[in-house]
Amino acid sequence: MFFCSIAIIALGAALQIIGTGLIPFIRNHGGSFYAMISMIAGFLTNMLLDYVFVWELDQGVAGAAIATIIGQGVTMLIALVYLLRKKQFTLHIAFSKLGKTAADIIKVGIAPFGLAMSPNISLIIINRFSVSYGGENAIATYACIAYIICIIYLIFQGVGDGCQPLLSQCYGEKDDTRMKSFRKMAYAFALILSVAGCIVMFLMRNSLGILFGASSEVNIEIAKIIPIFLVSVPFVAIIRMATASFYATEKSMYSYILTFIEPVFMLVLMLILPPLFGGQIMIWWSTVNARILSALLALLLKQRVDKEDL
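It should be emphasised that the depicted structure is a prediction, and the values quoted were computed from it without experimental measurement.

Draft legend 1. Up close: the overall build of the chain. Helix and strand content of the chain: 12 helices and zero strands. Going residue by residue from the N terminus, the α and β elements of the chain occur as α-α-α-α-α-α-α-α-α-α-α-α. Its C-alpha atoms give the chain a radius of gyration of 21 Å, near enough to 19 Å, the size a compact globule of 310 residues would have. The dimensions of the chain, computed from C-alpha atoms along their principal axes, are 60 × 60 × 35 Å. Out of the 310 residues in the chain, the part that is buried amounts to 41%. With an accessible surface of roughly 17,100 Å², the chain has 72% of that area assigned to carbon and sulfur atoms. In the chain, 21 positive and 16 negative side-chain charges are present, and the distance between their average locations comes to 9 Å.

The following block contains the structure:
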């Protein structure tokens, strides 16, 4: 059944790739609200069909996989309708410009791709060291914490994706005043959301594990450990906004650095701190400190860019 569900997801991957790829087109053409509607329609379809296939038709994991790809297909179709209706969808690129266009896309796309991949690299590092110090219980604890805290990170992604077209437009128009205003607004909004998210999760910390299906033992550990990870949330907000700002304004190298530096910091700290200061608890603090260091680096790079623009 497990391999069957993977096969279903693999077959439907094209729907996700096309749907996810079209959403930025809609946003960058001024259709942010419609892009949101497209994604919400896909989510709701997925949730409804999860109930139908898993609960009513008893299809298990395979049913959940089918619901997922149908939901992604709904997002793709709605996005296509918008682009075709607005006549903003074209495949006409001169062959002579194909290489340059592809290179430009890759140059800008590495950063957002890395933002999606970097947490997975970090997860591998954390789990690898947790095996040595905390065992299966520590891995189960972090797995649940990662799912929980990812909710806030996805909100940051929404703020970053939302401000990127505005920053790009102002950068293209050489309107530095408006660009800096939008950037400050994005930083402030992300930080406010990070604090609000931390407060909610701290108050709910004793029941978060149960909500995500963890055992009572793991739930107790989550309640004890999650305040440590909440310390790093505002710093993650800074990293995400800085990265979005850099790749929106053709500072691609800075965005690459911020995207991939966190796992590097994490690996170095985990090689040093746990053996010296206390095992598994230092795995958690190494993760937090890596994000704090990355945020400080983001601020330094931002300050350097601001000086270059003077």
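Having seen it, we continue.
Draft legend 2. How the structure looks around the packing of aromatic side chains. Scanning all chains against the criterion turns up five aromatic pairs. Geometrically, the ring pair formed by tyrosine 142 and tryptophan 284 is stacked, given 5.9 Å between the ring centres and 20° between the ring planes. Of this pair, tyrosine 142 sits in helix α6 (residues 135-172) while tryptophan 284 sits in helix α12 (residues 280-309), placing them 142 residues apart in sequence. Note on accessibility: tyrosine 142 and tryptophan 284 belong to one class, buried. Among the aromatic residues, those joined into a cluster by ring pairs are Tyr142, Phe229 and Trp284.

Draft legend 3. Quick peek at unusual backbone geometry. At lysine 174, a position not held by glycine, the phi torsion is positive, near 60°. For lysine 174, the position within the fold is in the loop between α6 and α7 (176-203). With a relative accessible area of 70%, lysine 174 lands in the exposed category.

Draft legend 4. Main features of the pattern of salt bridges. Going through the model one piece at a time under the given rule, you end up with four salt bridges. Measuring nitrogen to oxygen at the nearest pair gives 4.0 Å for the salt bridge that ties aspartate 175 to arginine 178. A residue is classified by how much of its surface remains accessible, and aspartate 175, at 24% relative accessible area, is partly exposed. Salt-bridge contacts for glutamate 221 lead to lysine 224; the nearest nitrogen and oxygen are separated by 3.3 Å. You can see glutamate 221 and its partner lysine 224 sitting in helix α9 (residues 216-230), three residues apart, about one turn around the helix. By sharing partners, the salt bridges in this structure join Glu173, Asp175 and Arg178 into a single network.

What counts, and where the lines are drawn
In every chain, residue numbers begin from 1 and rise along the written sequence. Residues qualify for local features only when their pLDDT is at least 70, as the model is predicted, and side-chain atom pairs are given and counted only at 80 or more; totals for whole chains, interfaces and linings, by contrast, use all residues. With hydrogens and water excluded, all non-hydrogen atoms of the structure serve as input to the side-chain values. Strands are runs of DSSP state E lasting at least two residues, helices are runs of H or I lasting at least four, and both sets are numbered from the N terminus onward. Radius of gyration: over C-alpha atoms. The globule rule applied is 2.2 Å multiplied by the number of residues raised to the 0.38 power. With a 1.4 Å probe rolled over the protein chains alone, any residue whose accessible area is under 20% of its type maximum counts as buried; one over 50% counts as exposed, and the rest are partly exposed. Residue exposure ignores everything except the shown protein chains as possible cover, and the areas themselves are Shrake-Rupley values with a 1.4 Å probe. We score Asp and Glu as negative and Lys and Arg as positive, and we do not count His or the chain ends. We put the charge of a Lys on NZ, of an Arg on CZ, of an Asp on CG and of a Glu on CD. Pairing of aromatic side chains requires ring centres within 6.5 Å, counting the rings of Phe and Tyr and the six-membered ring of Trp. Pairs whose planes differ by under 30 degrees are stacked, by over 60 edge-to-face, and all others tilted. A side-chain nitrogen of Lys or Arg and a carboxyl oxygen of Asp or Glu constitute a salt bridge if their distance falls within 4 Å.

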